[in-house]
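Commentary on secondary and tertiary structure
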Amino acid sequence: MKQLLMCYPKYFDVLYDINPWMTHQIGKVSSDIAVKQWTSLFDKLNSLCRVNLIEGVPGLPDMVFTANGGIVFNDVAVLSRFSTRERSKEEYFFHAWFQEEGYDVFQPRSSYEGEGDHLIDSNNRHWLGSGFRSTKKAAREIENYFDITIHTLELVDPRWYHLDTCFLPLDNNTIIWYPKAFSHTSQQLIREKFDTLIEVSTEDALKFVCNGVLVKNDLLLPSGSKIIESISELGYNIHEFNLTEFIKAGGAAKCLVLTI
Ligand code: ARG
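Criteria and thresholds
- Along each chain, residues carry numbers from 1 onward, in the same order as the chain's sequence is written.
- In keeping with the predicted nature of the model, local features appear solely for residues at pLDDT of at least 70, side-chain atom pairs appear and are counted solely at 80 or more, and the whole-chain, interface and lining totals rest on all residues.
- Excluding hydrogens and water, the side-chain values take into account all heavy atoms of the structure.
- Think of a nonpolar core as a cluster: buried Ala, Val, Leu, Ile, Met, Phe, Trp, Tyr and Cys residues, connected wherever their side-chain atoms sit within 4.5 Å.
- We call a residue buried when its accessible area falls under 20% of the maximum for its residue type, exposed when it is over 50%, and partly exposed in between, using a 1.4 Å probe and counting protein chains only.
- Helix and strand assignments follow DSSP, with helices taken as H or I runs no shorter than four residues and strands as E runs no shorter than two, numbered in order from the N terminus.
- Contact between two residues is taken to exist if any of their heavy atoms lie within 4.5 Å; hydrogens are not considered.
- Computed over the protein atoms alone on a 1 Å grid, cavities are sets of points where a 1.4 Å probe fits but cannot get out and pockets are open sets with protein on both sides within 12 Å along at least five of seven lines; a residue lines them when it has an atom within 4 Å of a point.
- Grid points are joined across faces, edges and corners, and a volume is the space filled by probe spheres set on the points.
- Residues were grouped as follows: Ala, Val, Leu, Ile, Met, Phe, Trp, Tyr, Cys and Pro as nonpolar; Asp, Glu, Lys and Arg as charged; and all remaining residues, including Gly, as polar.
- Near, as used in this document, describes a residue that has one of its heavy atoms within 4 Å of the molecule or strand being considered.
- We call two N or O atoms a polar contact when they sit within 3.5 Å, provided that within protein one can donate a hydrogen and the other can accept it, with sequence-adjacent residues counted only if both atoms are side-chain atoms.
- Should more than half of a molecule's atoms lie within 2 Å of a pocket's or cavity's grid points, that molecule is taken to sit in it.
- Between any two strands, at least two bridges found by DSSP are needed for them to pair.
- Crossover handedness is defined by viewing with both strands directed away from the observer: a clockwise path from the first strand over the helix to the second marks the crossover as right-handed.
- Lines fitted to the C-alpha atoms define the axes, with helices restricted to the stretch that makes contact. Angles between their N-to-C directions range from 0 to 180 degrees.

With respect to the nonpolar core
Burial of nonpolar side chains together is a common tendency in soluble globular proteins. Grouped together as the largest cluster of nonpolar side chains are 33 residues, with contacts concentrated most on Met6, Phe12, Leu41, Leu45, Phe65, Phe246 and Leu256. Elements that contribute at least two residues to this core include exactly strand E1 (3-6), helix H1 (31-48) and strand E12 (213-215). By residue number, the principal contributor to this core is H1, which donates six residues. Phe12 has contacts with Val29, Ala34, Pro61, Val64, Phe65, Glu245, Phe246 and Ala249, leaving out every residue within four places of it along the chain.

Next up, the structure:
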């Protein structure tokens, strides 16, 4: 059964600027509101599947975004190699957690930010977003290590700097995505590979609607997007979460969760 990893937002804040969302938000996070928002997401997920917790670390405000710690598949944890100095100290703590849990750990040498950029769809196809945080080189390293194929997708707009901000694969070869976040070639590839494509407007993409978490038939989404009504026609139980404080750091529901 699906298990997740989250990190209580005790030390969450915006203390530096490494993506356009953080610009002008330094010191503007309400930590009380962040705790409430995180807790309602946690409570729902915890009612649907097992949620493990990793301890937060003072001075590492983005560690709440556990999606960036790595990715787990074939019983191996692929540990991230953060592209920014600000987040690279997190590697040590995610590595320690994976080791304590008994995973073999593989870490690419090139920049790679885990499930933020590397998603596995329900057909077991691997997708990696490159251009801002993760690299094609890292994709090749992971391909070689596991003997798999990874489709790399080129991200072109810094507001959608991680793949999970603009690409949400669902069941039945369906994708919710924001086409303008991708190069033309990558848009074409996505159009070829998925049967049902739900395109999101810029307005909704800016509300992080692609940053959802799917647990069986439950789909947890950041609130406030117009497209949610059409998404609900797909038959999922939709749950909306107000995640304003995390959006100030450039992340929402999916970023707060790592599948293990
Ligand atoms: N402030 C964090 C960063 O820029 C946000 C990470 C969001 N995570 C994600 N999986 N998209 O790294």
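Here we look at the layout of surface pockets
Computed from the structure, the largest pocket encloses a volume of approximately 680 Å³. In this structure, the largest pocket is lined by 29 residues; those nearest its centre are Lys2, Glu115, Ile120, Leu214 and Thr259. Only strand E3 (70-73), strand E6 (118-120), strand E9 (167-169) and E12 provide two or more residues apiece to the lining of the largest pocket. Split into classes, the residues belonging to the lining of the largest pocket amount to 16 nonpolar, six polar and seven charged.

Examining the site of the ligand
In the neighbourhood of the ligand, 18 residues make up the surrounding shell, with Arg87, Arg133, Asp164, Ala249 and Cys255 lying closest. In this structure, an oxygen atom belonging to the ligand sits 2.8 Å away from a side-chain N or O atom of Arg133. Comparing atom positions with the cavity grids shows the ligand to sit within the largest cavity. When grouped by side-chain class, the residues that make up the shell around the ligand number seven nonpolar, seven polar and four charged.

Regarding the pairing of strand E8 (residues 150-154)
For a regular strand, the rule is simple: side chains alternate between the two faces of the sheet. Pairing of strand E7 (residues 126-130) with E8 involves five bridges; the strand directions are parallel. When the bridges of E8 are listed, Leu128 appears paired with Thr152. Regarding topology, helix H4 (residues 136-146) serves as the crossover connection from E7 to the parallel E8, and that connection is right-handed.

Digging into the environment of Thr165
Inspection of the secondary structure assignment puts Thr165 in the loop between E8 and E9. The residues touching Thr165, leaving out its near neighbours within four places in the chain, are Trp160, Phe208, Cys210 and Asn211.

Looking at the sheet that holds strand E4 (residues 76-79)
In spatial order, the strands read E3-E4-E5; together these three strands make up an open sheet with mixed pairing. In the strand order of this sheet, the two ends are held by E3 and strand E5 (104-106), each with one partner. Strand-to-strand twist of the sheet, defined as the mean angle between neighbouring strand axes without regard to direction, takes the value 25°. With three bridges joining them, E4 and E5 adopt parallel strand pairing. For Val78, the partnering residue across the bridge sits in E5 and is Phe106. Contacts between helix H3 (residues 90-100) and the sheet are confined to E3, E4 and E5, with E4 contributing the most and set at about 175° to the helix.

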